[in-house]
Amino acid sequence: MEVTEVGEEANRGDRLGFGRRCCSLGSSSPWLYRTAGIFPEQGTEEKKIGLYFGVAQQASKSQRSRCHGRAASKARPGGATAAAHGCPFLTPPPRCPEFRARVIGPTMLVTAYLAFVGLLASCLGLELSRCRAKPPGRACSNPSFLRFQLDFYQVYFLALAADWLQAPYLYKLYQHYYFLEGQIAILYVCGLASTVLFGLVASSLVDWLGRKNSCVLFSLTYSLCCLTKLSQDYFVLLVGRALGGLSTALLFSAFEAWYIHEHVERHDFPAEWIPATFARAAFWNHVLAVVAGVTAEAVASWIGLGPVAPFVAAIPLLALAGALALRNWGENYDRQRAFSRTCAGGLRCLLSDRRVLLLGTIQALFESVIFIFVFLWTPVLDPHGAPLGIVFSSFMAASLLGSSLYRIATSKRYHLQPMHLLSLAVLIVVFSLFMLTFSTSPGQESPVESFIAFLLIELACGLYFPSMSFLRRKVIPETEQAGVLNWFRVPLHLLACLGLLVLHDSDRKTGTRNMFSICSAVMVMALLAVVGLFTVVRHDAELRVPSPTEEPYAPEL
């Protein structure tokens, strides 16, 4: 095999002569290359790997002078490096990928930290100004209600913190275990498939087991999921992804169901206070996500465990959440409704109301693209030296900024409608994906532009989720919401899984860019659905903010 462009085949995962992909630069090892037959000789791996990846050996001044003269006579623009012409002592020319990595690495590092600080300062400024202008509500002054809220928040926030702590380094961990991108895609598909399958039966499972028992089960299954990350066995990791899907389904069903039942049935608090509780939970959920990113960066860098450290750190949080639920929470059950009846009722509602159908189409298309974005952001930014934990915290700060802008836009001063903000969110994502199709072009990657595009996508998510939550509450009858959401989840996860499988079968050089191009086309379809929905509900007073005041929302966390 001819080595050109300082080992670019290894960096980009090109197919080698024996028909298998080489691992990425960050996950290479001499053992892999010996088994592949590239470096079969013992005792010479270090020298040959140094040559392959363009690392110059130490040479005398006369040797460097002779090599420079020989390489200069053979070199041509766009041609092979001096190492490929038989000179192992010259470092690559300034236009080679190694030089670009040295320049882009510090730039990406500084950009990530500056973006994080700037976004965090903007969020703090907006929230402080909103808190000063907001009068205290009746719910906030009720001591019994505050104690009840605290019992719920203690467990719920620990569960959310443990969930967020694992997010920044999931892809990096699989890469650290020397898995190829196609294998990592299969792991993500397994997680998505598990989420949709368990999500379909989560409500019935929670009603059967009991809400408190389901929350304790979440702590146990998610702890086991984290423990599987300590293994490098692919089958064990697949089992861990399945457990993660079950845990995610329980997290988004059992906790809220327990709270609503206790709030209304046992404590007899006004039902109007429920949205205020989840509005506060949504804000602190974003804050926890920001803190979790910084914490994950710290433990992955300072503890000797590497990328698996955040997963180990999440286990004590999960254990504490389960223990507090066992000690402080009471058990409650609900009357079970047959799964077939739930789905049949949701399908009837979906087909009988065009607004519901269009809203479901928008959700499936938008959120499937977000799932693919969750998979792609790490392999796009990590090769350029981005601090993954800080990047993730920047994403969450951008999402928090979008949520703050939503509350300001729907306030008395501006009085914009959620339908307008939903349209704006979809437009921002379309623009960002078009940016990514150019910033991820092979050989012309621009990680800073990609990072900015990712921040815009997260900002759009901050606008999208409260807008979608408001419209869903107004359009879908409360008794049919579980069944309708089941039908929303199926196409959502199916599209995401198909996208990851397409990426798995594509060439690494162009696969990422092609995937962003496909996502752009999908979001254009979502934009058309938004236009159709806007036409249908243009004069519908039910889908407008009922009063010129800030209405708390119960977002999809």
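If you're wondering where the values come from, they're calculated on a predicted model, not measured in any experiment. (Residues numbered from 1 in each chain as written. Predicted model: local features only at pLDDT ≥ 70, side-chain atom pairs only at ≥ 80, totals over all residues. Heavy atoms only, no water.)

J.: I tried to follow the packing of helix α16 (residues 388–409) against helix α18 (residues 447–475) on my own but got confused; where do I start?
T.: For any two helices packed against each other, one specifies the crossing angle of their axes together with the interaxial distance. Closest axis-to-axis distance for the α16/α18 pair is 7 Å, and the angle between their directions is 40°. Judged on the interaxial angle alone, α18 and α16 are oblique. You can see that α16 and α18 cross each other, and the crossing is right-handed. Contacts between α16 and α18 involve V391, S394, F395, M396, A398, S399, L401, G402, S403, L405 and Y406 from the first element and F451, F454, L455, E458, L459, C461, G462, L463, P466, S467 and F470 from the second. Residue composition of the contact of α16 with α18, grouped by class: 15 nonpolar, 6 polar and 1 charged. (Axes fitted to C-alpha atoms, helices over the stretch in contact; angles between N-to-C directions. Helix = DSSP H or I, 4+ residues; strand = E, 2+ residues; numbered from the N terminus. Parallel < 35°, antiparallel > 145°, perpendicular 65-115°, else oblique. Left-handed = near helix turned anticlockwise from the far one by under 90°. Contact = heavy atoms within 4.5 Å. Nonpolar A, V, L, I, M, F, W, Y, C, P; charged D, E, K, R; others polar.)

J.: I keep staring at helix α10 (residues 234–251) and nothing clicks. Help me out?
T.: Because an α-helix completes one turn every 3.6 residues, residues spaced three or four positions apart along the sequence face the same direction. Given a rise of 1.5 Å per residue, 18 residues ought to cover 26 Å, and the 25 Å separating the end C-alpha atoms of α10 matches this to within 8%. For α10, the elements touching its buried residues are α6 (143–165), α7 (170–176), α8 (181–209), α9 (211–228) and α11 (254–266). Where α10 begins, the side chain of D233 points an oxygen toward the backbone nitrogen of F235, at a separation of 3.1 Å. (Expected span 1.5 Å × (residues − 1). Polar contact = N/O pair within 3.5 Å; in protein donor to acceptor, adjacent residues only side chain to side chain.)

J.: How should I be thinking about the pattern of salt bridges in this particular structure?
T.: Two side chains bearing opposite charge may form a pair once their charged atoms approach each other closely. Evaluated as defined, the whole model comprises 4 salt bridges. Note that R211 is salt-bridged to D207, the shortest N-O span being 3.3 Å. For D207, a relative accessible area of 14% puts it in the buried group. Note that R266 and E262 form a salt bridge whose closest N and O atoms lie 3.5 Å from each other. Residue R266 and its partner E262 are located together in helix α11, separated by 4 residues, close to a single helical turn. On the accessibility criterion, E262 (2% relative accessible area) is buried. (Salt bridge = Lys/Arg side-chain N within 4 Å of Asp/Glu carboxyl O. Buried < 20%, exposed > 50% of the residue type's maximum accessible area, 1.4 Å probe, protein only.)

J.: Just checking my understanding: could you explain the nonpolar core for this structure?
T.: When a protein is soluble and globular, its nonpolar side chains tend to lie buried together. Ranked by size, the top nonpolar core spans 136 residues in total, and within it F255, F395 and F454 carry the most contacts. Take this core: its biggest share by element is 15 residues, from helix α15 (residues 354–381). Leaving out residues up to four positions away in the same chain, F255 has contacts with F152, V155, Y156, A159, C215, F218, L250 and W329. (Core = buried A, V, L, I, M, F, W, Y, C linked by side-chain atoms within 4.5 Å.)

J.: In this structure, what is going on with the packing of aromatic side chains? I would like to understand it.
T.: The description of two aromatic rings rests on the distance between their centres and on the angle between their planes. This structure, assessed with the given rule, holds 35 aromatic pairs. Between F152 and Y156, the ring centres sit 5.0 Å apart and the planes meet at 25°, which makes this aromatic pair stacked. You can see F152 and its partner Y156 sitting in helix α6, 4 residues apart, about one turn around the helix. Side by side, F152 and Y156 carry an identical accessibility label, which is buried. Taken together, a centroid distance of 6.3 Å and an interplanar angle of 80° make the contact between F152 and F278 edge-to-face. One end of the pair, F152, is in helix α6; the other, F278, is in helix α12 (residues 274–302), with 126 residues separating them in the sequence. According to the relative accessible area criterion, F152 is buried, its value standing at 0%. The exposure class assigned to F278 is buried, which follows from its relative accessible area of 3%. (Phe/Tyr/Trp six-rings, centres within 6.5 Å; stacked < 30°, edge-to-face > 60°.)

J.: Would you mind going over unusual backbone geometry with me for this structure?
T.: Phi is mostly negative for residues that are not glycine, and the peptide bonds are mostly trans. In this structure, Y178 is a non-glycine residue whose phi angle is positive, near 70°. Positionally, Y178 belongs in the loop between α7 and α8.

J.: Sorry if this is basic, but what is going on with the packing of α8 against α10 here?
T.: Put simply, α8 and α10 touch, their axes get as near as 7 Å, and they point 35° apart. Of the two elements, α8 crosses α10, and the hand of that crossing is right-handed. Partitioned by chemical class, the residues of the contact of α8 with α10 number 15 nonpolar, 7 polar and 1 charged.

J.: Which parts of the structure should I look at to understand a nonpolar patch on the surface?
T.: Together, L109, V110, Y113 and L114 give the surface a local cluster of nonpolar side chains, amounting to about 380 Å² of exposed area. Structurally, the position occupied by L114 is in helix α5 (residues 97–133). (Patch = residues over 30% accessible without salt bridge, like charges linked within 9 Å, V, L, I, M, F, W, Y side chains within 5 Å. Areas by Shrake-Rupley, 256 points an atom, 1.4 Å probe, with all protein chains shown as cover.)

J.: Help me out: how do you make sense of the side chain of S219 in this one?
T.: When you line up the elements, S219 lands in helix α9. Judged by its relative accessible area of 6%, S219 is buried. Engagement of the side chain of S219 in a polar contact is seen with the backbone nitrogen of G322, the distance being 3.4 Å. Leave out the neighbours within four places in its chain, and S219 touches L318, A321 and G322.

J.: Even after reading the chapter, I still don't get α11, so can you show me in this structure?
T.: If you check α11, its first and last C-alpha atoms are 17 Å apart, about what 13 residues at 1.5 Å a residue would give, namely 18 Å. Taken as a whole, α11 has its buried residues at A254, F255, W258, Y259, E262 and H263. Considered in projection along α11, the buried side chains sweep an arc of 155° and stay on one side of the axis. Elements that come into contact with the buried residues of α11 comprise α6, α8, α9, α10 and α12. Within two residues after α11, D268 carries a phi angle of roughly 55°, on the positive side. (Arc of directions from axis to C-beta.)

J.: Explain the environment of L209 to me, please; I cannot follow it from the model alone.
T.: Its place among the elements puts L209 in helix α8. With a relative accessible area of 24%, L209 lands in the partly exposed category. Distance from L209 to D334, taken between C-alpha atoms, is 9.9 Å for residues 125 residues apart in sequence. Filtering out sequence-adjacent residues up to four positions away, L209 remains in contact with S214, L217, E331 and Y333.

J.: I tried to follow the state of the cysteines on my own but got confused; where do I start?
T.: Here a disulfide denotes one covalent bond, and it connects the sulfur atoms of two cysteines. Overall, the coordinates contain 0 disulfides when judged by the stated rule. In this structure C226 is not part of a disulfide, and its nearest cysteine sulfur, from C225, lies 5.5 Å away. Residue class for C226 comes out buried when judged on its relative accessible area of 1%. (Disulfide = S-S within 2.5 Å.)

J.: Looking at this model, I keep getting lost on the confidence of the model for the protein chain. Mind explaining?
T.: Atom-level detail of predicted coordinates should not be read off regions where pLDDT is low. Taken as a whole, the protein chain shows an average pLDDT of 77; of its residues, 73% reach a score of 70 or greater. pLDDT under 50 marks residues 1–103. Its contacts with residues more than four places away, or in other chains, come to 119 contacts. Scored below 50 in pLDDT, residues 548–557 makes 38 contacts in the model with residues more than four places away or belonging to other chains. (pLDDT = per-residue confidence, 0-100.)

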